[in-house]
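In case you want the letters, here they are:
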Amino acid sequence: MAGGGGRPLRALNVAEKPSVAKAVSGILARNPSSGGLRVREGRSRYNKIFEFNYAIQNQQFHMAFTSVTGHLMEVEFEDRYRKWHSCDPVDLYHAPVKKHVPHDKSDIEKTLEEEARKSQWLILWLDCDREGENIAFEVVEVCTRANRNLNIWRARFSALIDREIHYAAQHLIRPNQLFADAVDVRQEIDLRIGASFTRFQTMLLRDAFVLDFTTDDKNVILSYGPCQFWEIQSHEPEEFWTINCTHNSEEGTATFNWMRGHLFDYTCATILYEMCVQEPTATVTNVRQQEKPKYPPHPLSTIELEKRASRYFRMSSEQTMKVAEDLYQAGFISYPRTETDCFSERTDLHRIVQDQQAHPIWGSYAQRLLDPESGLWRNPSGGGHDDKAHPPIHPTKFSSGESGWSQDHHKVYELVVRHFLACVSQPAIGAETTVEIDIAGEQFSASGRVIIAKNYLDVYRFETWGGSVIPTYTYGQQFTPTTLTLDSGVTRPPPLLSEADLLSCMDKAGIGTDATMHDHIKKLLDRFYATKDSSMRFSPTKLGEALVMGYDDMGYELWKPYLRAAMESDMKAVSMGTKSKAEVLEACLQQMKACFLDARLNKGKLFEAMAVFFERSNRSNGNEPYAIGDVLRRCGLCQESDMVLRRKPDGNFMVGCLGYPQCRNVVWLPGSVSEAAVTSNICSTCSPGPVYMIQFKFRRLEIPPNYNVDHLGCIGGCDNTLRQLVEICGTGSRNNSNMPGRGQGHTQSSSSAQSNSRSQGAWHTAHSSSSYTSQSSRGRSAQTQDAAGEDGESSIPCASCGAPCNLRTANTPANRGRKFYSCQAQGCNFFIWEDNANSGGTVPRGSTSRSASTSSRRGGRGRSNQSRGRANDVAFVSATGEPISGRCFVCGDPSHFANACPNRGR
DNA sequence: GCAAGGTC
C-alpha cells in the first residue's frame, strides 16, 4: 500500500460533516506519535481542518482532516431551462442537466482544492451508505481537478469508537463507483419528475382557485414529489354492525367476540342478531389451552427506533433522530441510520451486555442475562434486513446519564439499551385459554391469558402483555349470556395515522431513506398537504385530498408508492452492477414522461377535483399565465418561446406565449368554445409553420344555427369561421370592454413597444363577452365554502362525547365531496353527514357499544328499517334472557321477527 | 420558485 517508513506523506481526509471530522481526528490523534491534535481554519467557517501525525500500515502520514456538509454538489437544469416559463414542462424530461457546486458550498470547494494540491493521498471518510459514496465521488471530482496524482482511498466505519476507526484507517479500500452511480440516477429522476409536475400543477391550479389555507397564494407552490404524494389516502367511512356478548359468573366476566367480526349489511346483521335473541342459550363448543410465547423485538433499525420513540415517548421522528445523532457523536450509541436488524456473528454481544452491568436500574438485569444459570440469554433473531454498512443500533458506551443530557437524550439512550438487552433475552411465555360458544348457530369466542414467565418483558418496560382471567368453561356447558347486543360503528378513516403508522407505511413502500423519512413528513406539513393534530395524528388537508383525487380520477395511480419503490429496486440493481446507469435512467424517464403527458391530457380531472374542495378564483386579470397547454407554434412576436393553448380559470380559452410576462403575445378565442384541443394537423396555409390546428367544440346555444358545433380551426389567421365567431360571440377575454386596441387585434400585445402591430388583425370583439362567459360554475365548491365558514374550518360538538368534531370530506365514489363530521376522540366513533347535521338530524350514528346498549333500552327496537343510518337503537336481552316484544326490522310488521319475514332477502 | 439527498 504505502512505501515503508521514510519521509511522511501528506493525506487529506474528508468526512461528511464537521463533527465526524473532529471525532475521527480526536480518536486517531490519541497516540504518542501524533504530535498532538492541531486545529486551523479552512475557507468555510463551519469546516475546520484538524492536523496530526498517524501511521497507516507503518507508513508515517501527516494527516489533514476536514469535512464537507453532506452533498457538495447538486444536480440542476442548464440555464436555458431554469425559468419556469422558459420551456414546456415536458421538455424537462430530456433537458440537459449538470452537477455543480452551488454558491454556498464554494468555500468548502476551495478548501478541498487547496488541501488536495498539498497532498499525496485522499482518504474519504464519508458515511458508509449510497449517498455517502456519491458524496465521496463529488469530493474526488473537486480534489482531482486540483491534483490529478492523488492516491484515493475509502475508510469504512460505522461507529465513532476507537477500535472501529483505527481498523478502518488500517484497512482502506477503494470507493465504489456503482453505489455512486445509483445515486446519480435517483437525483436526476427526482429532479426531472419533481420539476415537471410541480411547474405543471402549480401553474395550472394556483391562480384558478382560492387557496384559503394561505394569505399569500401568489407564492404558493403546489410541489410534486414522489415522497410527498403517496401518503394522503382517500377514505370511506362505512357503517358496520356487530354482535357482542358478555357473561358474568362468580369467577368473573368473559367478553365474547362475534367470530364473523362485523357485517356491513344491516339487515343481515339484524336477522342474525334476532335469531340469537330468540334462542339466546350459549353452548360451549371448544375450550383450548396452550402456551404461547411473545417474542422480543428484532435488533433496532432506524425506522423501528423512530416508531418506538414516537409510540413510547410521543417524540417526533425528527427529534428522535436529532437526539440519536447527538448520542452517536458522543460515542454512546452506534450509527443511528441503519436498515440492518440483525447482528453479524462477529459482534461481541456479551461485551455490550457487560458494559451495562453497572447501571443502577437495568444493571441487575444485565447481570442475570450473563449468568448461564438463569437461562435468560437467547441469541437475537434478525428481521432479515442488512444494509451491509452498519450494524443495528446498539449501545457502544456505558452511561448512567450525562450531565448535559436532556430528558430526550435519557429516553433515547434508555430505549436503545433496553431494546438491546431485550433482543438477547428469552421470549415471555403466557398460558392462553380460548373458549368458543355457539348461540343460535352463531359462533363467538373469548380468551384469557396468564403470564408464566416475563423474561425480556422484565427489562423492556415499554411493552406490556396484558394478563386477563376468564371464568372456567367446560365443553358442552350451557349458559345464558348476561348481555347480547347489536352494536354499530363506522370504520375509521385511515388517514388518521400516527407518526409511527406513517413510518411503517413508508418503510413498507420503500419511500425515502431511513435518514429522510422524517423530512418528508415535515414537508407534507409545510406544503399544506397534511396536518398533524395535538394527539400526533395526521390527516390530509383539502389540498392534499384534491390533488390525490385528481390524479386518482385520471385512472392510473400516479401517486401510489410503487413507482418510487420500483425505482428503489432499479437503484439497487445499479449499485450491484446488474443494470447500467444509462439503461435505468432511460427506461424510468420514458415511463415518467408518458405519465406526465397522460396527466396533462387529463388535467380536467385535476381541475374538477380541486373544484370539489376550493372555490374558483376570479383572478384572471392577465398578470399571470394560465394553465399551460399544448404548443401551437413558435411565437412570432418574441421569436423565442412557443405559443400554447391555455384555459383560463373562468373556463375560456386563449392562446398565449410561454415567454409571458416578458412577451405578451396573445390570441383570444371565441367565448362560445366549450372544448379545445391541439391536434397533430398542421395548417397548410399559415406560415411560418408549423402551426398546429385546434379541434374546437362550441356551445350550441351560443353560436348561430348555421355554424357547426365541431370545428377544426387554425389561429394563424387563415380561419374565417373562427374570425366570424369571435365577432359574433366575443372572446373569453375579461378585458374585452376596456382593453386598449380591442376590436383591432387578432394577435394582441399590450406591450407599448408593440402597440403598432395591433392593426394588422381583422377579428374584433364586437360584443362584450360577459353575456357569453358563464360565471355560474361554482358547484360544490360553493357549498363547501359555505359549510366550512369563513376560515375554512368548522366543527360541531360530538353528540356522543362532546369533543369537537371536525368537518371532513368524503372521497368515495358514492359520496365524493360530501361533507361529514367525525369525532377525533380516540374510541369515539361519532359520525354524521354534514347535510344531516344541518337539517336537524343530528342523531349520532355509530357510537360505542356501551352507549348502544343504553340507548337501546330507551328506544326499544320498534324502529323501521328507514331509520337505519340515523340511530343505533337495537334490541336488548336482559340478564335473565327475557324476550322483548317488538316488530320485524325488515318490514316493520309486529307479527314476526326478521328471520321469519317474507320480505327477507329481497 | 421545482425533487430528494446530504448537512449547519
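Residue positions are given per chain, counting from 1 as you read along its sequence in written order. Numbering of ligands from 1 and lettering of chains from A proceed in the order in which they are written. Residue-level local features of this predicted model are given only where pLDDT is at least 70; pairs of side-chain atoms are given and counted only at 80 or more, and the full residue set underlies all totals for whole chains, interfaces and linings. Each side-chain value is worked out from all heavy atoms of the structure, with water and hydrogens disregarded.

*Asks:* Pulling in residues and values, what's your account of the overall build of chain A?
*Replies:* Here a helix means four or more residues in a row that DSSP labels H or I, a strand means two or more in a row labelled E, and each is numbered from the N terminus. When you go through chain A residue by residue, the secondary structure sums to 22 helices and 30 strands. By sequence separation, contacts in chain A at least 24 residues apart represent 69% of the contacts at least 6 residues apart. Of the roughly 39800 Å² that chain A leaves accessible, carbon and sulfur atoms contribute 47%. For this analysis, residues touch if any pair of their heavy atoms sits within 4.5 Å. The method behind every accessible area is Shrake-Rupley, applied with a 1.4 Å probe, and residues are considered shielded solely by the protein chains displayed.

*Asks:* Describe in detail the protein's contact with DNA strand B, supporting the description with residues and values.
*Replies:* Think of it this way: one heavy atom of a residue within 4 Å of a molecule or strand is enough to make that residue near it. Looking at DNA strand B, there are 38 residues lining it, with Thr69, Lys105, Arg206, Thr516 and His520 nearest. Side-chain atoms alone can form a polar contact between residues adjacent in sequence; in general such a contact is a pair of N or O atoms within 3.5 Å, and within protein one must be able to donate a hydrogen while the other accepts it. Between valine 75 and DNA strand B, the recorded distance is 3.3 Å, taken from a backbone N or O atom to a base nitrogen. Here a base nitrogen of DNA strand B sits 3.4 Å away from a polar atom, N or O, in the main chain of leucine 191. Among the secondary structure elements, those contributing two or more residues to the surface near DNA strand B are β5 (74–77), α5 (177–205), α6 (226–229) and α14 (517–526). Each residue belonging to the surface near DNA strand B can be placed in one class, and the counts come to ten nonpolar, 14 polar and 14 charged. Gly is placed with the polar residues, together with every amino acid not listed as nonpolar (Ala, Val, Leu, Ile, Met, Phe, Trp, Tyr, Cys and Pro) or charged (Asp, Glu, Lys and Arg).

*Asks:* Provide a residue-level description of the sheet that holds strand β14 (residues 478–479), including the pertinent values.
*Replies:* Strands are labelled as partners when DSSP assigns at least two bridges between them. The sheet built from seven strands is open, its strands ordered β14-β11-β12-β13-β10-β9-β15 with antiparallel pairing. Pairing within the sheet leaves two strands with one partner each, and these edge strands are β14 and β15 (483–490). The pairing of strand β9 (residues 239–249) with β15 spans eight bridges and is classified as antiparallel. The residue of β15 that forms the bridge with tryptophan 241 is serine 488. Contacts between helix α7 (residues 266–278) and the sheet are confined to β9, β10 (252–258), β12 (428–439), β13 (442–453) and β15, with β15 contributing the most and set at about 170° to the helix. Lines fitted to C-alpha atoms define the axes, with helix axes restricted to the stretch in contact, and inter-axis angles between N-to-C directions lie between 0 and 180 degrees.

*Asks:* Tell me about helix α12 (residues 407–423), residues and numbers included.
*Replies:* By this rule, a helix spans an expected 1.5 Å times one less than how many residues it contains. With 17 residues, α12 extends 24 Å from end C-alpha to end C-alpha; this agrees with the ideal 24 Å at 1.5 Å per step. Between buried and exposed lies partly exposed: a residue is buried under 20% and exposed over 50% of the maximum accessible area for its type, with that area taken using a 1.4 Å probe on protein chains only. The element α12 is largely enclosed, with a buried count of 14 among its 17 residues.

*Asks:* Help me get a handle on the packing of aromatic side chains, residues and values and all.
*Replies:* Paired rings are identified among Phe, Tyr and Trp, the last through its six-membered ring, by centres lying within 6.5 Å, and are further divided according to the angle between planes into stacked (under 30 degrees), edge-to-face (over 60) and tilted (the rest). With the rule as written, the count across this model stands at 25 aromatic pairs. A ring pair is formed by tyrosine 312 and phenylalanine 462, whose centres lie 4.8 Å apart and whose planes are at 10°; its orientation type is stacked. Of the two residues, tyrosine 312 is situated in helix α8 (residues 302–313) and phenylalanine 462 in the loop between β13 and β14; the sequence distance between them amounts to 150 residues. Sitting over a ring, as applied to charges here, requires NZ of Lys or CZ of Arg to be within 6 Å of the ring centre and within 35 degrees of the ring normal. The residue whose ring lies beneath arginine 80 is tyrosine 81, and the NZ or CZ to ring-centre distance is 4.9 Å.

*Asks:* Explain the sheet that holds strand β2 (residues 38–40) to me, using residue names and the numbers behind them.
*Replies:* If you trace the six strands from one edge of the open sheet to the other, you get β2-β3-β4-β1-β7-β8, paired in mixed fashion. Of all the strands in the sheet, just β2 and β8 (151–154) have a single pairing partner and so form its edges. Each strand axis lies, on average, 30° off the axis of its neighbour in the sheet, ignoring direction. Taken together, the four bridges between strand β7 (residues 121–125) and β8 define a ladder with parallel strand orientation. Looking at β8, one finds that tryptophan 121 is bridged to asparagine 151.

*Asks:* Tell me about the side chain of threonine 482, and name the residues and values.
*Replies:* With respect to the secondary-structure elements, threonine 482 resides in the loop between β14 and β15. Note on threonine 482: relative accessible area 18%, which makes it buried.

*Asks:* A description of unusual backbone geometry should follow, citing residues and the corresponding values.
*Replies:* At the junction of serine 687 and proline 688, the peptide bond is cis and its omega measures out at 0° in the coordinates. The residue proline 688 is located in the loop between β23 (673–682) and β24 (692–698) in this model. In this model, glycine 689 is joined to proline 690 through a cis peptide bond whose omega is -5°. Not every positive phi belongs to a glycine, and asparagine 58 is a case in point at roughly 70°. By secondary structure assignment, the location of asparagine 58 is in the loop between β3 (49–56) and β4 (59–67).

*Asks:* Tell me about the side chain of arginine 154, and please be specific about residues and values.
*Replies:* With respect to the element layout, arginine 154 can be found in strand β8. Here leucine 124 takes part through its backbone oxygen, which lies 3.4 Å from a polar atom of the side chain of arginine 154. Of note is the side chain of arginine 154, whose polar atom sits 2.8 Å from the backbone oxygen of leucine 126. Ignoring sequence-local partners within four residues, the contact set of arginine 154 consists of Leu124, Trp125, Leu126, Asp127, Cys128, Gly132, Glu133, Leu172, Ile173, Arg174 and Pro175.

*Asks:* Before we move on, could you go through the pattern of salt bridges and cite the residues and values that matter?
*Replies:* Every case where a carboxyl oxygen of Asp or Glu lies within 4 Å of a side-chain nitrogen of Lys or Arg is listed as a salt bridge. For the coordinates displayed, the defined rule picks out 40 salt bridges. Aspartate 88 serves as the salt-bridge partner of arginine 600, at 2.6 Å between the closest nitrogen and oxygen. Here arginine 600, found in helix α17 (residues 581–601), pairs with aspartate 88, found in the loop between β5 and β6 (97–100); they are 512 residues apart in sequence, far enough to count as distant. Each member of the pair arginine 600 and aspartate 88 is classed as buried. With a closest N to O distance of 3.1 Å, lysine 581 and aspartate 184 form a salt bridge.

*Asks:* Outline the environment of threonine 198, supporting the account with residue identities and numerical values.
*Replies:* Mapped onto the secondary structure, threonine 198 falls in helix α5. Expressed as a C-alpha distance, the spacing of threonine 198 and serine 223, which sit 25 residues apart in the sequence, is 4.5 Å. Ignoring sequence-local partners within four residues, the contact set of threonine 198 consists of Trp84, Ile221, Leu222, Ser223 and Tyr224.

*Asks:* Just give me the short version of the packing of helix α9 (residues 317–329) against α14, but keep the residues and values in it.
*Replies:* It is at 8 Å that the axes of α9 and α14 come closest, and there the two elements cross at 145°. Crossing of α9 against α14: the hand is left-handed. Along its contact with α9, which presents Ser317, Glu318 and Met321, the element α14 presents His518, Ile521 and Lys522. Of the residues contributing to the contact of α9 with α14, the split by class is two nonpolar, two polar and two charged. In this scheme, a crossing is called left-handed if the near helix is turned counterclockwise away from the far one by less than a right angle; it is called right-handed if the turn is clockwise.

*Asks:* Can you tell me about the nonpolar core, naming the residues and giving the values?
*Replies:* The term nonpolar core refers to a set of buried residues drawn from Ala, Val, Leu, Ile, Met, Phe, Trp, Tyr and Cys, joined through side-chain atoms within 4.5 Å. Ranked by internal contacts, the top residues of the largest apolar core, which has 69 residues, are Leu28, Met63, Phe65, Ile123, Trp125, Ile333 and Leu421. In terms of residue count, α12 provides more of this core than any other element does, nine residues in total. Beyond its immediate chain neighbours, meaning those up to four positions away, isoleucine 123 contacts Ala11, Leu12, Asn13, Val14, Ile56, Met63, Trp153, Ala155 and Leu172. Grouped together as the second largest cluster of nonpolar side chains are 44 residues, Val90, Phe209, Met571 and Ala611 included.

*Asks:* Describe helix α3 (residues 130–146), and please don't skip the residues or the numbers.
*Replies:* Between its terminal C-alpha atoms α3 stretches 25 Å, which fits the 24 Å expected from 17 residues at 1.5 Å a residue. Buried within α3 are the following residues: Gly132, Glu133, Asn134, Ile135, Ala136, Phe137, Glu138, Val139, Val140, Val142 and Cys143. Close packing links the buried residues of α3 with β1 (9–15), β6, α2 (106–118), β7, β8 and α5.

*Asks:* Kindly report on the environment of arginine 45, identifying the contributing residues and their values.
*Replies:* Relative to the helices and strands, arginine 45 is located in the loop between β2 and β3. By relative accessible area, which is 63% here, arginine 45 ends up exposed. Within the local environment of arginine 45, its side chain forms a polar contact with the side chain of tyrosine 46, the two groups lying 3.4 Å apart.

*Asks:* Report on the packing of helix α1 (residues 18–28) against helix α4 (residues 162–170), specifying residues and quantitative values.
*Replies:* Between two packed helices, what matters for the description is the angle formed by their axes and the separation of those axes. At a minimum axis separation of 10 Å, α1 and α4 run at an interaxial angle of 85°. Judged by the inter-axis angle, α1 sits roughly perpendicular to α4. Contact with α1, carried on its side by Val24, Ile27 and Leu28, involves Asp162, Ile165, His166 and Ala169 of α4 and no other residues of that element. When grouped by side-chain class, the residues that make up the contact of α1 with α4 number five nonpolar, one polar and one charged. Working rule for angles: under 35 degrees goes down as roughly parallel, over 145 as roughly antiparallel, 65 to 115 as roughly perpendicular, anything else as oblique.

*Asks:* Residue-level account of the pairing of β3, with values.
*Replies:* For β3, a buried count of six out of eight residues is recorded, marking the element as mostly surrounded by other parts of the structure. Sheet topology note: the β3/β4 ladder contains seven bridges and is antiparallel. Bridged to phenylalanine 50 within β4 is phenylalanine 65. Count of turn residues in the β3/β4 antiparallel hairpin: two residues, of which glutamine 57 carries a positive phi of about 45°.

*Asks:* So what about the environment of lysine 17? Which residues, and what values?
*Replies:* For lysine 17, the location among the structural elements is in the loop between β1 and α1. Residues lysine 17 and histidine 71 lie 54 residues apart in sequence; the distance between their C-alpha atoms is 9.8 Å. Filtering out sequence-adjacent residues up to four positions away, lysine 17 remains in contact with Ser67, Val68, Glu325, Gln329 and Arg337.

*Asks:* Break down the confidence of the model for chain A for me, citing the residues and quoting the values.
*Replies:* One rule of thumb: low pLDDT means the predicted coordinates there are not for detailed reading. The predictor reports its confidence for every residue as pLDDT, a score running from 0 up to 100. Per-residue confidence for chain A averages 76 on the pLDDT scale, and 72% of its residues sit at or above 70. When the criterion is pLDDT under 50, residues 620–627 qualifies, and its contacts beyond four places in sequence or with other chains add up to 28 contacts. A low-confidence stretch, residues 896–901 (pLDDT under 50), is modelled with 24 contacts involving residues beyond four sequence positions or located in other chains.

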